[in-house]
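# Fold and contact review
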Amino acid sequence: MPSTLEKLRILGDAAKYDLCASTASPKKQIAGAIGSPTTMGICHSYLPDGRCISLLKVLLTNKCIHDCVYCINSTSNNSCFKRQTVSFDPDELANLTMTFFLRNHIEGLFLSSGIEGDANQQAERIHETIKLLRDKHKFGSYIHAKVLPGIGKDELKRISEVADRVSINVELPNSSRLNEVCSTKDYNSDILRPSKWLTDFYKKGLIPSGYTTQYVVGSTDETDEEVLKRVFDFYSNDWKFRRQYYSSYLPITAEIPQPSYFLREVRLYQIDWLHRVYDYNSQELSSILNEDGFIPLRDDPKLLLARQDDIFPLDINEASYNELMRVPGVGERSATRIIELQREKVDIRKPIQLKNVGVVIKRALPFLKVGNMVQTTMDDFM
Ligand code: SF4
């Protein structure tokens, strides 16, 4: 019978693949190093007030009835990487969470799970764990719960009532792609239906901090066009997802890849950011996809969009906030400060004035008119 510590080692390790509450840098993946995303442990999440908190990230069980090929807990994983299957009792995990919390190791819990039995039985164990924390231990801090595929509406509602945030892993962009990598889950009934219930709960105020999802990118031949179609739809008023995360597919038997492997994931995050923060609409963003339906990896998407945007070059003394946000090298903060300078009637005539408000000059100047000058590039003469 494995000890609680041994279970924590296995179930913490199995939870590290979920990105919905963590920030994992692909650059320095040194197994065993402090803060390395390749090892189990504590992840970080940002609260609505901007505070960063540390979370114990763990599965309730790594037993699962499903055969998703991208998952180490899958019934289809017969490799030597298959872990011993173990489960926490709800009481055991609640006690462990409190022990870490009272020692100031963590400020919250990120709880996910494989499915032992059926989705609703497992959801009940997740609910019981959270209720024990809330009622028995008077735990008032942050809890993020993962929604299991195939969960029923009542079970989902009960978890949404006690967790601070919930997320559901959509993993693939559509039904046919899911069928390529999993024979036991149904896209519509197991994933889209609970997602729609989350939207309903959110609109009724039950989960004010919203809900998120995650994709595994590259486990099939899905194009970025297929992924982005789902992404834009999920951000629309019909679904209202708060955030979407992208994780490069890594075969469970593979070595850790080089950082270049993650470039597709990075480009998807950039498109996501341009949509949510910079207000580019889905048609504009889709216009930079290549003929095969992929985001070009060579240049960053904002630069590609700027090259085809006829608002440039912009007169820096007259540009609106929304126009400035479209300039490569200009972000929210620098656009706001330029608008403040315009209001103060400051004549912006020199690049150094832009540099002083945080603009990345090298990227921005080809798209701006500063002191009646426009920087040209060799491209203009070719
Ligand atoms: S349902 Fe979740 S835990 Fe189970 S095999 Fe699929 S991804 Fe893994």
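## Digging into unusual backbone geometry
At the junction of F312 and P313, the peptide bond is cis and its omega measures out at 0° in the coordinates. Position of P313 among the secondary structure elements: in the loop between α10 (301–307) and β8 (314–315).

## Description of the pattern of salt bridges
By the definition in use, this model includes 20 salt bridges. R158 serves as the salt-bridge partner of E124, at 2.8 Å between the closest nitrogen and oxygen. A residue pair is termed long-range when its members are at least 10 positions apart, and E124 in helix α3 (residues 119–136) and R158 in helix α4 (residues 153–162) qualify at 34 residues. A relative accessible area of 31% places E124 in the partly exposed class. Here R158 falls in the partly exposed class, since its relative accessible area comes to 33%. Several salt bridges share partner residues, and in doing so they unite R177, E180 and E226 into one network.

## Here we look at the sheet that holds strand β7 (residues 243–248)
The 7 strands lie next to each other as β1-β2-β3-β4-β5-β6-β7, forming an open sheet whose pairing is mixed. Either end of the sheet is taken by a strand with one partner, and the two such strands are β1 (42–46) and β7. The average angle at which neighbouring strand axes cross in this sheet is 30°, direction not considered. In this structure, β1 lies alongside strand β2 (residues 52–59), joined through 5 bridges in antiparallel fashion.

## Regarding the sheet that holds strand β10 (residues 373–374)
Two pairing modes exist for strands in a sheet, parallel and antiparallel, and in both the strands are linked by backbone hydrogen bonds. One open sheet accounts for 3 strands, arranged β8-β9-β10; its pairing is mixed. Two strands lie at the open edges of the sheet, namely β8 and β10, each paired on one side alone.

## Quick word on a nonpolar patch on the surface
Residues L263, V266 and L297 make up a contiguous nonpolar surface patch of roughly 200 Å² in combined accessible area. Mapped onto the fold, V266 is located in helix α8 (residues 263–276). V266 sits in the partly exposed class, given a relative accessible area of 34%.

## Comments concerning the packing of α3 against α4
Direction vectors running N to C along α3 and α4 enclose 20°, while the axes themselves pass 10 Å from each other. Classified by the angle between their axes, α3 and α4 sit roughly parallel to one another. At the point where α3 passes α4, the crossing takes the left-handed sense. On α4, the residues touching N120, A123, E124, I126, H127, I130, K131 and R134 of α3 are E155, R158, I159 and V162. Grouping the amino acids of the contact of α3 with α4 by side-chain chemistry returns 5 nonpolar, 2 polar and 5 charged.

What counts, and where the lines are drawn
- Residues numbered from 1 in each chain as written.
- Predicted model: local features only at pLDDT ≥ 70, side-chain atom pairs only at ≥ 80, totals over all residues.
- Heavy atoms only, no water.
- Helix = DSSP H or I, 4+ residues; strand = E, 2+ residues; numbered from the N terminus.
- Salt bridge = Lys/Arg side-chain N within 4 Å of Asp/Glu carboxyl O.
- Buried < 20%, exposed > 50% of the residue type's maximum accessible area, 1.4 Å probe, protein only.
- Pairing = 2+ DSSP bridges.
- Axes fitted to C-alpha atoms, helices over the stretch in contact; angles between N-to-C directions.
- Patch = residues over 30% accessible without salt bridge, like charges linked within 9 Å, V, L, I, M, F, W, Y side chains within 5 Å.
- Areas by Shrake-Rupley, 256 points an atom, 1.4 Å probe, with all protein chains shown as cover.
- Parallel < 35°, antiparallel > 145°, perpendicular 65-115°, else oblique.
- Left-handed = near helix turned anticlockwise from the far one by under 90°.
- Contact = heavy atoms within 4.5 Å.
- Nonpolar A, V, L, I, M, F, W, Y, C, P; charged D, E, K, R; others polar.

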